[in-house]
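# Residue-level structure breakdown
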Amino acid sequence: MATAPAPTTATRTAPSVDTAARARAAWLAGAGIVLIAFNLRLGISSAAALLEALRGTLGFGPVTASLMPTLPTLCFAAAGLTAAPLARRLGTERAVLVALVALAAGLGVRAVPSTWALLTGTVFGMSGLAVGNVLLPALLRAHFPRRVSMLTGVYTTVMALGATLAAAVAVPVAGGLGSPSLGLAVWALPAVVALLVWSLVRAPHALTPKVATAAGAEAAAAARQAAYVSPWTMARTRIGRLCTAYFALQALNCYALVGWLPTLLSDEGMSRGGAGAMLAITQGAGIPATFAILAFVRATGRLRPAFVVVSVSMLIGFVGLLVAPVAVPVLWAAAVGLGFCSFPLVLSVIGGGGSNAAETTALSTLAQSLGYAVAATGPFALGLMHGATGGWAVPMAALVVTALGQLVVGLVLSGPGAGAPDTAAGDTDGPRTGNRREE
């Protein structure tokens, strides 16, 4: 009598993914991250350079003019809070895809020559930017855990390149198109390119061989649910509070100046093109400095000198713009640009914070959402102070005070016992620990 064959099991191991496929996936993810970074400041810098032209064409008043440079930070604060829940529900990669759709659509809407279209498109576009801002550190942690610092330097440099390009060419591009509204909308095209490339990127776990069982699927779903850390959990840590405070001050200083520098210089007698060029210098000066500063921190493991250099440089630039704004504007613009390196520095601390990607997302959400909520007051307050006093002395004096505050917080954040990794800007060989100090 023939022996019945043994029942086959439903468990089957998927074939392993070859090294070439992993390499292709890594290159695609890297290219996608770079393209996202390139888009993160285009819509902001172009709007700042074209603000006076838009005001003349659309006829909006000083309140709307003050609101325009404030909207990005308000959106970053509000929409940034949705990044972690969105990533939990959809996965980080799909959440970024949704963000890119919002960015491209929002920038495209700004082609309509009306104040409402300008404001509506800005809200949608900047909300997309907010989600991208928050999730980029987590993307680096997930896709390139051993190259967090290097790629932080790359993507912040690409962000600066995009901002520099937009500030430098926004006015001539709008002139060539015959409309400042079209000059804003043209920056939707790079967002569409980033969207197309990112649609091909898959999460790292999608390349990992899986066991095809119902139990395995349930375990994976449970793991995804567990891989969530509330931002308010990180708010109870010392590093969470310090990162948030520093991020708020550097963002306030950055967006207040970016939003009003061309107008300030134009009011002092500089041409619109020249004022836009100074904004481009401000955005571009930090490009080589970013790599130099992050390389120094990687080599020495010392954060404090880097925080001091960027904060003092920003302070020098602000004092120069207060005392003699058009005497040597290139020097002031370059000094402030070096000060903008505070952004990649604090991002490198955030990217190395927490013991896994979920905690990094929570820390990034906390620092950026609350930080941008505070920073939103900067551009609006500067506009109101300028309108009330009719000059720029009081607004720039206020920025000098906030730059001093940034220096103080940076010294604490980079000091002993702050909770930041000793080599926060260094490449990681694995997850860091010891960053969740409860007080």
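To be clear, the structure that these remarks concern was listed above.
Residues numbered from 1 in each chain as written. Predicted model: local features only at pLDDT ≥ 70, side-chain atom pairs only at ≥ 80, totals over all residues. Heavy atoms only, no water.

## What about the nonpolar core?
As a reminder of what qualifies: To define a nonpolar core, start from buried Ala, Val, Leu, Ile, Met, Phe, Trp, Tyr and Cys residues and group those joined through side-chain atoms within 4.5 Å. Each residue is assigned to one of three classes by its accessible area relative to the maximum for its type, calculated with a 1.4 Å probe on protein chains only: buried under 20%, partly exposed between the two thresholds, exposed over 50%. By definition, any uninterrupted DSSP run of H or I lasting at least four residues is a helix, any uninterrupted run of E lasting at least two residues is a strand, and each is numbered from the N terminus. Should any heavy atoms of two residues lie within 4.5 Å, those residues are counted as being in contact.
In this structure, Phe247, Leu257, Phe318, Leu345 and Tyr372 are the most contacted members of the largest nonpolar core, which totals 120 residues. Tallying contributions element by element places helix H14 (residues 238-267) first for this core, with 17 residues. Not counting residues up to four positions away in its chain, the partners in contact with phenylalanine 318 are Asn253, Leu257, Val336, Met396, Leu399, Val400 and Ala403.

## Some details on the side chain of histidine 143
Which entries qualify depends on this criterion: Polar contacts, as counted here, are pairs of nitrogen or oxygen atoms within 3.5 Å of one another; within protein the pair requires one atom able to donate a hydrogen and one able to accept it, and residues that are adjacent in sequence qualify only if both atoms are side-chain atoms.
Inspection of the secondary structure assignment puts histidine 143 in helix H8 (residues 115-143). The class for histidine 143 is buried, based on a relative accessible area of 16%. At 2.7 Å, the side chain of histidine 143 forms a polar contact with the side chain of glutamate 93.

## A closer look at the environment of alanine 160
Residue position: alanine 160 is located in helix H9 (residues 148-177). The class of alanine 160 is buried, set by a relative accessible area of 15%. For alanine 160 and asparagine 39, which are 121 residues apart along the polypeptide, the C-alpha to C-alpha distance reads 10.0 Å. In this structure alanine 160 touches Gln283 and Ile287, once residues within four positions along its chain are discounted.

## A closer look at the packing of H14 against helix H18 (residues 342-351)
Put simply, the rule is: Between N-to-C directions, angles span 0 to 180 degrees; the directions come from axes that are lines fitted to C-alpha atoms, helices contributing only their stretch in contact. Just so you know how the angles are binned, under 35 degrees is roughly parallel, over 145 roughly antiparallel, 65 to 115 roughly perpendicular, and the rest oblique. Less than a right angle of anticlockwise turn of the near helix away from the far helix marks a crossing as left-handed, whereas a clockwise turn marks it as right-handed. Under the scheme applied, nonpolar residues are Ala, Val, Leu, Ile, Met, Phe, Trp, Tyr, Cys and Pro; charged residues are Asp, Glu, Lys and Arg; polar residues are all the others, including Gly.
At a minimum axis distance of 10 Å, the contact between H14 and H18 shows a crossing angle of 160°. Taken together, H14 and H18 sit at an angle that is classed as roughly antiparallel. Handedness of the crossing formed by H14 with H18: left-handed. From H14, Ile239, Cys243, Tyr246, Phe247 and Gln250 reach across to H18, where they touch Ser342, Phe343, Val346, Leu347, Val349 and Ile350. Looking at the contact of H14 with H18 residue by residue, the classes come out as nine nonpolar, two polar and no charged.

## Structural notes on helix H20 (residues 377-389)
Put simply, the test is: The span you would expect from a helix comes to 1.5 Å times its residue count less one. Note that the arc is defined by the directions from the helix axis to the C-beta atoms.
The terminal C-alpha atoms of H20, which comprises 13 residues, lie 18 Å apart, in line with the 18 Å expected from a rise of 1.5 Å per residue. Residues of H20 that are buried include every one of Gly378, Pro379, Leu382, Gly383 and His386, and no others. For H20, the angular spread of buried residues about the axis comes to 130°, placing them on one side. The outward face of H20, more than 90 degrees from its buried face, is lined by the exposed residues Gly387 and Ala388. One or two positions beyond H20, positive phi appears at glycine 390, with a value near 75°.

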